[in-house]
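Here's the letter readout for the chains.
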Amino acid sequence: MTAVTSGPALTGEPAPTATTCVLVDVRDSGVTGVRWAAGCAEALGVDLVVHTGADDDPVHTEVAALLAERPELTVHVEHGERYPTAAEGALVVLSRQRALDAPPLACRDGRDVVVVGGSATALAGRFGVVTAVVERVGGEGVLERATALCRARGATRLRVLARPSCPLSGGWLDDAADVAHACCPGVIVELVRQGRSVAEETRLFPSDLLVVSGRERGPGEGLQPDARAALHHASCPVLFSCS
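Just so you know, these numbers come straight off a predicted model, no measurement behind them.

Engineer: An account of the overall build of the chain is needed here, citing residue identities and associated values.
Structural biologist: On a plain count of helices and strands, the chain comes out with 10 helices and 10 strands. Scored against the burial criterion, the 243 residues of the chain give a buried share of 51%. Of the roughly 10700 Å² that the chain leaves accessible, carbon and sulfur atoms contribute 51%.

Engineer: With reference to specific residues and values, describe the sheet that holds strand S3 (residues 75-79).
Structural biologist: Judged by pairing direction, the sheet is mixed, and its 10 strands sit side by side in the order S3-S2-S1-S4-S5-S10-S9-S6-S7-S8 without closing on themselves. What marks the edges here is a single partner per strand, and that holds for S3 and strand S8 (188-192). The sheet shows a mean angle of 20° between the axes of neighbouring strands, direction not considered. Lying on the sheet, helix H10 (residues 225-233) is in contact with strand S5 (113-116), strand S6 (129-134), strand S9 (209-213) and strand S10 (238-241); it crosses S9 at an angle near 145°.

Engineer: Can you explain the environment of Val134? Please cite residues and give values.
Structural biologist: Inspection of the secondary structure assignment puts Val134 in strand S6. Taking relative accessible area as the criterion, Val134 reaches 0% and is therefore assigned buried.

Engineer: Describe the nonpolar core, with residues and values.
Structural biologist: Among the nonpolar cores identified, the biggest contains 41 residues, and Val22, Leu44, Leu48, Leu67, Val130 and Leu158 are the most heavily contacted of them. One finds Cys21, Ala90, Leu210 and Ala234 within the second-largest nonpolar core, a separate group that totals 25 residues.

Engineer: Lay out the pattern of salt bridges in plain terms, naming residues and giving numbers.
Structural biologist: Scanning all chains against the criterion turns up seven salt bridges. Here Arg157 makes a salt bridge to Glu190, at a shortest N to O gap of 2.2 Å. Of the two residues, Arg157 is situated in strand S7 (residues 157-162) and Glu190 in strand S8; the sequence distance between them amounts to 33 residues. By relative accessible area, which is 28% here, Arg157 ends up partly exposed. Beyond isolated ion pairs, a larger network of salt bridges with shared partners links Arg157, Arg159, Glu190, Arg196 and Glu201.

Engineer: How would you sum up helix H7 (residues 139-153)? Please name residues and give values.
Structural biologist: For H7, spanning 15 residues, the distance from its first C-alpha to its last is 21 Å, which sits close to the expected 21 Å at 1.5 Å a residue. Most of H7 sits inside the fold, with 12 of its 15 residues counted as buried. Two residues or fewer after H7 comes Gly154, characterised by a positive phi angle close to 70°.

Engineer: How would you sum up the environment of Cys150? Please name residues and give values.
Structural biologist: Topologically, Cys150 is positioned in helix H7. For Cys150, a relative accessible area of 1% corresponds to the buried category. As a C-alpha pair, Cys150 and Cys184 span 34 residues in sequence and 7.6 Å in three-dimensional space. What Cys150 contacts, discounting residues up to four positions off in sequence, is Val130, Ala155, Arg157, Leu158 and Val187.

Engineer: An account of the packing of aromatic side chains is needed here, citing residue identities and associated values.
Structural biologist: According to the stated counting rule, one finds zero aromatic pairs in the structure shown. The side chain of Arg159 reaches across the aromatic face of Phe205, ending 3.8 Å from its centre.

Engineer: Break down the confidence of the model for the chain for me, citing the residues and quoting the values.
Structural biologist: Looking at the chain, pLDDT values average 82 and 82% of them are 70 or higher. In this model, residues 1-17 is a region of pLDDT below 50 whose contacts with residues beyond four sequence positions or in other chains number 46 contacts.

Engineer: Go over the pairing of S5, please, and point to the residues and values.
Structural biologist: Residues of S5 alternate between two faces, with Val113 and Val115 on one and Val114 and Val116 on the opposite face, all of them buried. Here strand S4 (residues 90-95) runs beside S5; their pairing, made up of four bridges, is parallel. Looking across to S5, one finds that Leu94 is bridged to Val115. Relative to S10, S5 runs antiparallel, the two sharing three bridges. What sits directly across from Val115, in S10, is Val238.

Engineer: Before we move on, could you go through the pairing of strand S1 (residues 21-25) and cite the residues and values that matter?
Structural biologist: For S1, the tally of buried residues reaches five of five residues, placing the bulk of the element in the interior. Here S1 shows no split at all, with Cys21, Leu23 and Asp25 on one side and Val22 and Val24 on the other all buried. Here five bridges tie S1 to strand S2 (residues 47-52), and the two strands are oriented parallel to one another. Directly across from Asp25, in S2, lies its bridge partner His51.

Reading the values: rules and limits
Residues numbered from 1 in each chain as written. Predicted model: local features only at pLDDT ≥ 70, side-chain atom pairs only at ≥ 80, totals over all residues. Heavy atoms only, no water. Helix = DSSP H or I, 4+ residues; strand = E, 2+ residues; numbered from the N terminus. Buried < 20%, exposed > 50% of the residue type's maximum accessible area, 1.4 Å probe, protein only. Areas by Shrake-Rupley, 256 points an atom, 1.4 Å probe, with all protein chains shown as cover. Pairing = 2+ DSSP bridges. Axes fitted to C-alpha atoms, helices over the stretch in contact; angles between N-to-C directions. Contact = heavy atoms within 4.5 Å. Core = buried A, V, L, I, M, F, W, Y, C linked by side-chain atoms within 4.5 Å. Salt bridge = Lys/Arg side-chain N within 4 Å of Asp/Glu carboxyl O. Expected span 1.5 Å × (residues − 1). Phe/Tyr/Trp six-rings, centres within 6.5 Å; stacked < 30°, edge-to-face > 60°. Lys NZ or Arg CZ within 6 Å of the ring centre and 35° of its normal. pLDDT = per-residue confidence, 0-100.

Here it is in structure tokens:
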């Protein structure tokens with residue numbers, strides 16, 4: 001099992017583990033979100049933190065049955081009326097509606113966020129594909145996250161969309177792809193330089209997970225264009241990298 005780290009996937013230098021647990025709120029993400037979060041936590045080798053509301057909520061029975069299928073996963077269940085505060089290093093799982101209400105910007109609390117949604121096939125991770133969208137700001141962090149998650153989830157293909165605005169020229173992207181391939185020797189790494197929209201890309205080449213940057217280009221500018229498009233239109237879970 002592999003924890004998601006920042007840095008070593010591309011630089012080879014040691015770095016602290018970025019993901020220490022996966023956090024999901026049943027009231028927001030429902031059973032679908034808990035199922036995806038449990039699979040992600042198990043793949044990463046970290047604990048799952050499940051936040052619930054009242055003890056008598058009937059959905060708890062379904063969630064308990066779901067978690068019973070993963071006896072090796074360490075699960076912490078927290079009760080409370082308020083939405084939980086993300087622990088340091090938590091990978092936070094949200095519904096698309098909650099993310100639309102409050103876009104997952106890295107500047108807010110510095111946590112990676114996964115917005116769960118899309119087709120049943122993508123949610124189950126059956127495509128074996130992770131797609132990284134490399135934009136002008138946060139591109140290196142996106143590729144690091146995508147590489148680590150590709151390795152952890154056992155994906156067979158990593159698609160890297162290099163946007164025209166991305167300054168990672170001069171061979172950097174090719175070198176990064178070589179390192180990504182070295183980290184995941186059984187994975188096919190594809191560099192895509194066509195200017196397809198996120199919606200078109202995920203329609204033509206379905207993925208289990210889309211990784212984009214949650215960073216802003218400048219203060220107050222909000223999500224970058226592709227990250228914004230992914231939030232609204234992606235047909236699979238989307239990870240917003242905070243690095």
